[in-house]
Amino acid sequence: MFEALQYGFMQRALIAGLLTAVAASYYGVFVVQRGMSFLGNGLAHATFGGVALALLLNQEPLWVAVPFTVLVAVLITYVRDRTGLAPDTVIGIFFALSMALGIVFISRIQTYTTDAFHYLFGSILGVTDTDIRAAVFILFLILITLRLWGRWAYATIDREAALADRIPVKFDDYLLSVLIALTIVVSAKIVGIVLISAFLVIPAASARLVSRRFLGMTVVSVMIGVVTVIIGLMCSFQFDLPSGASIILVQALIFTVCLLISMVVGARASLKSKSAARSKS
Amino acid sequence: MVNVIEIANVSVRLGDFLALRDISVNIQTGDFVAIIGPNGSGKSTLLRAILGLVPLESGRIKIFDKELRMIPPEWIGYVPQLKTVDRNFPAVTCDLVTSGIHRSWPGILTKKDHESVSEVLAMVGAEHLCHKPLGQLSGGELQRVYLARALVRKPKILLLDEPATGIDAVGEDYMYSILDEHLERADTTVLMVTHDWLTARHHANRVLLINHKLIAEGPPSEALNDKHLRAAFGHVGHAHDQPCDGASDV
Ligand SMILES: Nc1ncnc2c1ncn2[C@@H]1O[C@H](COP(=O)(O)OP(=O)(O)O)[C@@H](O)[C@H]1O
Ligand SMILES: [Mg+2]
């Protein structure tokens, strides 16, 4: 198993995978609690549009996909704020628009490129030093915004109270959507565009099932993200599977375990309260 | 007498609807003001305007003689009408109350947090709920916890939007006794929206009767006469005949 670590490409995939897992599962708790899972999907497809444009222009995909996806994230937040349309409606429109643009760009590319395949399904082979630098930058952004965790959580559970307390809630909406957009673009190489919204949501959703408090949920989510990426990438290497699918399958397994735990704990609690009620009467 | 809240010629437009029209009133230190009016008459909007949550179309509001943004947010405690808390959020009661101290969600509660929270939860008769998940609170329990969150910051101004909604009659009396007791000890000014003018008569020293405009204002015995009530509600019935505005929120 550890022989995998002898390969440079595997080392790069692990470093980038771990860093993006921390980011995705950290922002994931806000995505899950704010009911924005679909945003991950929309931004993943914006990334597709950006990557396709980069391939057409023969540029480094990251440098085109980052501004493209961030722009879409800001537009989604802006249109939602200004129109009062339901978030899934707004996201759905930009989702389709980016996808359509991506398809147009791809259809114009003359030469076949494996890069497109890497981005769609995720690959441990394609991680470059640029990708790693970008992932380090993403982690750096988390560290400098760490003190906003409490403020974001406050606006997540009770927006009206946060507004009354003059928290810059709208500014934070934009900030969060941009940070999530960056995380998605940088994770795309490893996890793949088609699976990235799951990468954002499953660790947080699993953590939600077994946590009573938001701090616990955040910590557990990041731990699940990190562990599942390590196992997933190892499986990808061992069994020659696309890395994205491999990671998501491991995450789905963890989700199932958390679901079972929460059901057992729930059943026990209700049994306990039932027997308490019986002994009272 | 200091004007705690000075409302001068305030109008508020919601969409294309003028919800408040040219309201002027001054509220002084230690006042317990009941805001009374029929459903949809702009009571909640008035509180939200004071908090800066809706823009003013015209007029101005001053708090302690200053613009709202010059006043620390901790000076104001607010219990909103629509229970806006996401009950699916993984949190226990003492987390929510602590958020009232720091204006931020707590990670780890300090010993000092615990002391303040226990004290205020005991005050509202909810100390046993401290470690209970929010999702498991009843409507009435949540209402008390909300009051605790507003009180924990020791506010100078308390804005309550139908705080008795969802509480049973005993709980309601209890809640008013908490408030009365708190007001005796603290220098807090209270604005409370209610549809129940019997309660207003008992606990408030001043009444604002509104129906988009200010219909009457003054001590309950003067403001709540038949003429004014008819102007506000269109008829004079018993308070409890009024449909309970907001009851469906619980
Ligand atoms: N976005 C909006 N657009 C138009 N009218 C609104 C909007 N929001 C609230 N209103 C109206 O404003 C009025 C005042 O509402 P509110 O202050 O909540 O009343 P109250 O608290 O007295 O029941 C209501 O008639 C309501 O229908
Ligand atoms: Mg109201």
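Conventions we followed
Residues numbered from 1 in each chain as written. Chains lettered and ligands numbered in written order. Predicted model: local features only at pLDDT ≥ 70, side-chain atom pairs only at ≥ 80, totals over all residues. Heavy atoms only, no water. Helix = DSSP H or I, 4+ residues; strand = E, 2+ residues; numbered from the N terminus. Buried < 20%, exposed > 50% of the residue type's maximum accessible area, 1.4 Å probe, protein only. Lys, Arg positive; Asp, Glu negative; His and termini not counted. Charge placed at Lys NZ, Arg CZ, Asp CG, Glu CD. Donors = N, O, S within 2.8 Å, 3.2 Å for Na, K, Ca; no water. Near = heavy atom within 4 Å. Polar contact = N/O pair within 3.5 Å; in protein donor to acceptor, adjacent residues only side chain to side chain. Nonpolar A, V, L, I, M, F, W, Y, C, P; charged D, E, K, R; others polar. Axes fitted to C-alpha atoms, helices over the stretch in contact; angles between N-to-C directions. Parallel < 35°, antiparallel > 145°, perpendicular 65-115°, else oblique. Contact = heavy atoms within 4.5 Å. Disulfide = S-S within 2.5 Å. Patch = residues over 30% accessible without salt bridge, like charges linked within 9 Å, V, L, I, M, F, W, Y side chains within 5 Å. Areas by Shrake-Rupley, 256 points an atom, 1.4 Å probe, with all protein chains shown as cover. Salt bridge = Lys/Arg side-chain N within 4 Å of Asp/Glu carboxyl O. Buried area = accessible area lost by both parts, 1.4 Å probe. pLDDT = per-residue confidence, 0-100.

## Some words on the overall build of chain B
Part 1 of the reasoning: Each helix and strand in chain B was counted, giving eight helices and nine strands.
Part 2 of the reasoning: Dimensions of chain B along its principal axes, counting C-alpha atoms only, are 50 × 40 × 40 Å.
Part 3 of the reasoning: For chain B, the residues scored as buried account for 54% of the 250 residues in total.
Part 4 of the reasoning: Taking the average location of the 25 positive side-chain charges in chain B and that of its 31 negative ones, the two points are 5 Å from each other.

## A few points about the coordination of the magnesium ion (ligand 2)
Part 1 of the reasoning: Bound to the magnesium ion (ligand 2) are the protein donor atoms Ser44(B) (OG) and Gln81(B) (OE1), situated 2.0 to 2.3 Å from the metal. Taken together, the residues span a long stretch of sequence, with Ser44(B) in helix H1 (residues 43-50) and Gln81(B) in the loop between strand E5 (76-79) and helix H2 (93-102) at a distance of 37 residues.

## Regarding the site of ligand 1
Residues and elements named next belong to chain B.
Part 1 of the reasoning: In the vicinity of ligand 1, 13 residues are found, and the nearest of them are Leu14, Gly40, Lys43, Ser44 and Thr45.
Part 2 of the reasoning: Ser41 is positioned such that a nitrogen or oxygen atom in its backbone is 3.1 Å from an oxygen atom of ligand 1.
Part 3 of the reasoning: Separating an oxygen atom of ligand 1 from a side-chain N or O atom of Ser44 is a distance of 2.7 Å.
Part 4 of the reasoning: Where the shell around ligand 1 is concerned, the elements lending two or more residues are strand E2 (17-28) and H1.
Part 5 of the reasoning: Split by residue class, the shell around ligand 1 holds four nonpolar, seven polar and two charged.

## Examining the packing of helix H4 (residues 139-151) of chain B against helix H5 (residues 169-185) of chain B
Residue and element names in this part refer to chain B.
Part 1 of the reasoning: In contact at an axis separation of 12 Å, H4 and H5 are set at 10° when each is read in the N-to-C sense. In terms of orientation, H4 and H5 fall into the roughly parallel class. Here Arg144, Leu147 and Leu151 of H4 lie close against H5, whose contacting residues are Gly171, Tyr174, Met175, Leu179 and His182.
Part 2 of the reasoning: For the contact of H4 with H5, the class distribution of residues is five nonpolar, two polar and one charged.

## Here's the deal with the state of the cysteines
Part 1 of the reasoning: Counted under the stated rule, the structure contains zero disulfides over all chains.
Part 2 of the reasoning: Cys235(A) supplies the cysteine sulfur nearest to Cys258(A), a cysteine that is in no disulfide, at a spacing of 18 Å.
Part 3 of the reasoning: By relative accessible area, which is 7% here, Cys258(A) ends up buried.
Part 4 of the reasoning: Of the cysteine sulfurs around Cys130(B), a residue in no disulfide, the closest is that of Cys94(B), at 3.3 Å.
Part 5 of the reasoning: Relative accessible area serves as the criterion here: at 8%, Cys130(B) is assigned to the buried category.

## What to know about a nonpolar patch on the surface
Part 1 of the reasoning: Side chains of Val210(A), Val257(A), Ile261(A) and Val265(A) sit close together on the surface and give an oily, nonpolar patch of about 310 Å² of accessible area.
Part 2 of the reasoning: Top contributing element to the nonpolar patch by residue count: helix H12 (residues 243-280) of chain A, with three residues.

## Structural notes on the interface of chain B and chain A
Part 1 of the reasoning: Counting residues at the interface gives 34 residues for chain B and 23 residues for chain A.
Part 2 of the reasoning: Summing both sides of the interface, chain B and chain A together bury roughly 2,300 Å²; the carbon and sulfur share of this comes to 54%.
Part 3 of the reasoning: Summed over the three residues of chain B that lose the most area to chain A, namely Phe89(B), Pro90(B) and Trp105(B), the buried surface amounts to 28% of that side.
Part 4 of the reasoning: Between chain B and chain A we count four salt bridges in total.
Part 5 of the reasoning: Residues Arg153(B) and Asp165(A) are paired through a salt bridge, measuring 2.7 Å at the closest nitrogen-oxygen approach.

## Overview of the confidence of the model for chain A
Part 1 of the reasoning: Mean pLDDT over chain A works out to 91, with 97% of the residues at or above the 70 mark.
Part 2 of the reasoning: Within chain A, helix H7 (residues 149-157) of chain A carries the highest mean pLDDT (97), whereas helix H5 (residues 114-121) of chain A carries the lowest (78).

## Focus on the environment of His102(B)
All names here are of chain B.
Part 1 of the reasoning: Mapping His102 onto the fold places it in helix H2.
Part 2 of the reasoning: You can call His102 partly exposed: its relative accessible area is 40%.
Part 3 of the reasoning: The spatial distance from the C-alpha of His102 to the C-alpha of Arg153 is 8.4 Å, given a sequence separation of 51 residues.
Part 4 of the reasoning: Among the polar contacts listed, one links the side chain of His102 to the side chain of Asp113, at a separation of 2.9 Å.

## As for the pattern of salt bridges
Part 1 of the reasoning: One pass over the full model with this rule turns up 15 salt bridges over all chains.
Part 2 of the reasoning: Here Asp158(A) makes a salt bridge to Arg149(B), at a shortest N to O gap of 3.0 Å. One end of the pair, Asp158(A), is in the loop between H7 and helix H8 (159-164); the other, Arg149(B), is in helix H4, on a second chain.
Part 3 of the reasoning: Glu74(B) is the salt-bridge partner of Arg103(B), the closest N and O atoms lying 3.1 Å from each other. Of this pair, Arg103(B) sits in the loop between H2 and helix H3 (111-123) while Glu74(B) sits in the loop between strand E4 (58-63) and E5, placing them 29 residues apart in sequence.
Part 4 of the reasoning: Connected through salt bridges with shared partners, the residues Arg34(A), Arg159(A) and Asp173(A) form a single ionic network.

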